[in-house]
Amino acid sequence: MTYDEIKAMVQGKSLPLSAENSDGEYVVIEGNEKCYILTTAQHNGWCRINEYYPDGTITETYEK
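Residues numbered from 1 in each chain as written. Predicted model: local features only at pLDDT ≥ 70, side-chain atom pairs only at ≥ 80, totals over all residues. Heavy atoms only, no water.

A. Seen up close, the nonpolar core. Ranked by size, the top nonpolar core spans eight residues in total: Tyr3, Ile6, Val10, Val27, Ile29, Tyr36, Leu38 and Tyr52. At the level of secondary structure, the elements contributing two or more residues to this core comprise helix H1 (3-10), strand E2 (26-31) and strand E3 (36-41). Here the element with the most residues in this core is H1; it accounts for three residues. Among residues more than four places away in sequence, those in contact with Tyr3 are Asn32, Glu33, Lys34, Cys35, Tyr36, Tyr52, Tyr53 and Pro54. (Core = buried A, V, L, I, M, F, W, Y, C linked by side-chain atoms within 4.5 Å. Buried < 20%, exposed > 50% of the residue type's maximum accessible area, 1.4 Å probe, protein only. Helix = DSSP H or I, 4+ residues; strand = E, 2+ residues; numbered from the N terminus. Contact = heavy atoms within 4.5 Å.)

B. Highlighting the sheet that holds strand E1 (residues 17-20). Strands sit in the order E1-E2-E3-E4-E5 across an open sheet of five strands; the sheet is antiparallel. Looking along the sheet, the strands with just one partner apiece sit at the ends: E1 and strand E5 (58-63). Taken pair by pair, the neighbouring strands of this sheet meet at an average axis angle of 20°, ignoring direction. Where E2 and E3 come together, six bridges link them in antiparallel fashion. Paired with Glu30 across the strands is Ile37, a residue of E3. Strands in contact with H1 are E1, E2, E3 and strand E4 (47-52); relative to E3, the strand with the most contacts, it is inclined by about 85°. (Pairing = 2+ DSSP bridges. Axes fitted to C-alpha atoms, helices over the stretch in contact; angles between N-to-C directions.)

C. Structural view of the state of the cysteines. Scanning the model with the defined rule gives zero disulfides in all. We note that Cys35 lacks a disulfide partner, and the nearest cysteine sulfur, in Cys47, lies 17 Å from it. With a relative accessible area of 10%, Cys35 lands in the buried category. (Disulfide = S-S within 2.5 Å.)

D. Structural view of the packing of aromatic side chains. Applying the stated criterion across every chain yields a total of one aromatic pair. Relative to Tyr36, the ring of Tyr3 lies with its centre 4.9 Å away and its plane at 40°, an arrangement referred to as tilted. Placement of the pair is Tyr3 in helix H1 and Tyr36 in strand E3, with a sequence separation of 33 residues. Exposure remark for Tyr3: the relative accessible area of 7% places this residue in the buried category. (Phe/Tyr/Trp six-rings, centres within 6.5 Å; stacked < 30°, edge-to-face > 60°.)

Dropping the structure here:
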């Protein structure tokens with residue numbers, strides 16, 4: 001997934017949004033023009049936080 005794909009997906013909607021991914025995990029989508037943040041509640045008890053930037057940069061961190 002890219003910044004532009006997320007931008008197109010959330011266009012016209014108010015953030016934050018919640019969704020379910022293909023693995024059945026819950027995802028919260030937050031952000032603005034500078035960055036989109038997707039927090040995934042993984043089945044293993046950890047939260048994966050991905051930040052997507054317009055320049056193509058993607059970061060990934062984890063929290064318990």
